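If you want the building blocks of each chain, they are given just below.
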Amino acid sequence: MFWREDLLAKVASGEWIETVRRASRGGGDKAFRTFRDYKGNLIVETQTIAWIDPRTNQERARLHRFITESGSLGASGYPDPKRIVLEDGRAWSLTSPFDEPCAECGQVGHRWPDRGRLEMGS
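This structure is a prediction, so every number in the text was calculated from the model and none was measured. Within each chain, residue numbers correspond to sequence positions counted from 1 in written order. Residue-level local features of this predicted model are given only where pLDDT is at least 70; pairs of side-chain atoms are given and counted only at 80 or more, and the full residue set underlies all totals for whole chains, interfaces and linings. Where side-chain values are given, they derive from all heavy atoms of the structure, hydrogens and water being excluded.

Undergrad: What is the right way to read the side chain of Arg 65 from this model?
TA: Structurally, the position occupied by Arg 65 is in strand S4 (residues 58-68). Accessibility here uses a 1.4 Å probe with only protein chains present; expressed as a share of the type maximum, an area under 20% marks a residue as buried, one over 50% as exposed, and anything in between as partly exposed. What makes Arg 65 buried here is its relative accessible area of 12%. Once residues within four sequence positions are removed from consideration, Arg 65 is found in contact with Glu 18, Val 20, Glu 45, Thr 46, Gln 47, Ile 49, Leu 73 and Pro 79. Under the DSSP-based scheme used, a helix requires at least four consecutive residues in state H or I and a strand at least two consecutive residues in state E, with every element numbered from the N terminus. In this description, contact between two residues means that some pair of their heavy atoms is separated by no more than 4.5 Å.

Undergrad: What am I meant to see in the confidence of the model for the protein chain here?
TA: Regions with low pLDDT carry predicted coordinates that are not meant to be interpreted in detail. Scored from 0 to 100, pLDDT reflects the predictor's confidence in each residue. Chain-level statistics for the protein chain give a pLDDT mean of 82 and a share of 73% at 70 or above. Between the elements of the protein chain, mean pLDDT differs from a low of 88, seen in strand S6 (residues 91-93), to a high of 97, seen in helix H1 (residues 7-12). The model gives residues 112-122 a pLDDT under 50, and that stretch makes three contacts with residues more than four places away or in other chains.

Undergrad: What should I look at first to understand the environment of Gly 74 in this one?
TA: Here Gly 74 is to be found in the loop between S4 and strand S5 (80-85). Gly 74 sits 35 residues away from Lys 39 along the chain, and the two C-alpha atoms are 8.3 Å apart. In contact with Gly 74, other than residues within four places in its own chain, are Asp 37, Ile 43, Phe 66, Ile 67 and Thr 68.

Undergrad: Before we go on, may I ask you to explain the side chain of Thr 48 in this structure?
TA: The topology assignment puts Thr 48 in strand S3 (residues 42-53). When sequence neighbours within four positions are dropped, the list of residues in contact with Thr 48 reads Thr 19, Val 20, Arg 21, Arg 22, Arg 62 and Leu 63.

Undergrad: Explain the pairing of S4 here, please?
TA: Each regular strand carries side chains that alternate between the two faces of the sheet. One bridge is not enough; two strands pair if DSSP finds at least two bridges between them. As paired strands, S3 and S4 are joined by 10 bridges and run antiparallel to one another. Across the sheet, Thr 48 pairs through a bridge with His 64, a residue of S4. The antiparallel pairing of S3 with S4 creates a hairpin that spans four residues between the two strands, and Asn 57 there sits at a positive phi of about 60 degrees. Where S4 and S5 come together, four bridges link them in antiparallel fashion. Note that in S5 the partner of His 64 across the bridge is Asp 80.

Undergrad: Please explain the packing of aromatic side chains as it appears in this structure.
TA: Both the distance between ring centres and the angle between the ring planes are used here to describe each pair of aromatic rings. Only centres within 6.5 Å qualify two rings of Phe, Tyr or Trp (six-membered ring in Trp) as a pair; their planes then separate them into stacked at under 30 degrees, edge-to-face at over 60, and tilted for everything else. Scanning all chains against the criterion turns up five aromatic pairs. Look at Trp 16 and Trp 51: their rings are 6.5 Å apart centre to centre, the planes differ by 45 degrees, and that puts the pair in the tilted class. In this pair, Trp 16 is assigned in the loop between H1 and strand S1 (17-25) and Trp 51 in strand S3, connecting sequence segments 35 residues apart. When its relative accessible area of 1% is taken as the criterion, Trp 51 is described as buried. With 5.2 Å between their ring centres and 85 degrees between their planes, Phe 35 and Phe 66 make a pair best called edge-to-face. With Phe 35 in strand S2 (residues 35-36) and Phe 66 in strand S4, the pair connects residues that are 31 residues apart, well separated along the chain. Take Phe 66: its relative accessible area is 25%, and that puts it in the partly exposed class. Of the aromatic side chains, those joined through ring pairs into one cluster are Phe 2, Trp 3, Trp 16, Trp 51 and Tyr 78.

Below is the structure:
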């Protein structure tokens, strides 16, 4: 959906507005530690961003991205979508609602483990 709907163009054209919801700088003993991406760029910040439709003031996408020491986007160079909700109601989410059947196997109940409850070997 991210590529098919050309969401980057919506931000570039000003149709949607980007806001940084949360940012963590790396270094020292902070929770986020700097690292090098697979292109060799030093990642110094992690951000959660939102793309907002200013006509309705609704969040249309929530994304994550890494920022390099030069200020450019790290890793692939594109933000990583976590959820998308288009104006026509079509939606995509990295994690599905708990009662939604899995698109791969049909099982109901797949979800990310609660923080801190993932045990070794699971």
